[in-house]
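# Structure assessment
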Amino acid sequence: MSPRRNHPRRDAPKPLTDEGVRKGIEGVQQWQDGEWMVRSIFGGAATKTYRCPGCMQEIRPGVAHVVAWPIDGRGDESDRRHWHTGCWKARDRRAPGVERSRNAPRYG
């Protein structure tokens, strides 16, 4: 018996439009706090600075990241938040971030 040969399909891939690059890849994710629409933003499509709610650090232009918003009736696209990809994946294991000024006491 001859070995099996796996040939890749020759289907023409869909051309990626400028709009598709700008919007990124989108899908629904289930988390402990409900369902979220999550969109991956490519580094080349990230043109503005955002503040990540997971670590309270800036997401600089050109950095790939994730945009997420609730889809189970608790919000809409106006509730979108930009997250670092690692912060989004670790959000179930993290305590909520507290934003403090530089001179604020750390405890109390």
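First things first, this report covers the structure right here in the doc. (Residues numbered from 1 in each chain as written. Predicted model: local features only at pLDDT ≥ 70, side-chain atom pairs only at ≥ 80, totals over all residues. Heavy atoms only, no water.)

Another point: the pattern of salt bridges. In total, this model carries three salt bridges according to the counting rule given. Where R51 meets E58, a salt bridge forms, and the shortest distance between an N and an O atom there is 3.9 Å. Note on E58: relative accessible area 36%, which makes it partly exposed. With a shortest N-O distance of 3.0 Å, R60 and E58 are connected by a salt bridge. A relative accessible area of 48% places R60 in the partly exposed class. The network of salt bridges with shared partners includes R51, E58 and R60. (Salt bridge = Lys/Arg side-chain N within 4 Å of Asp/Glu carboxyl O. Buried < 20%, exposed > 50% of the residue type's maximum accessible area, 1.4 Å probe, protein only.)

Bringing the pairing of strand β5 (residues 65-70) into the picture now. Counting buried positions over the six residues of β5 gives six, a clear majority of the element. Side chains of β5 alternate between two faces, with H65, V67 and W69 and V66, A68 and P70 buried alike. As paired elements, β5 and strand β6 (residues 81-83) share three bridges and run antiparallel to each other. Within β6, the position partnered with V66 by the bridge is W83. (Helix = DSSP H or I, 4+ residues; strand = E, 2+ residues; numbered from the N terminus. Pairing = 2+ DSSP bridges.)

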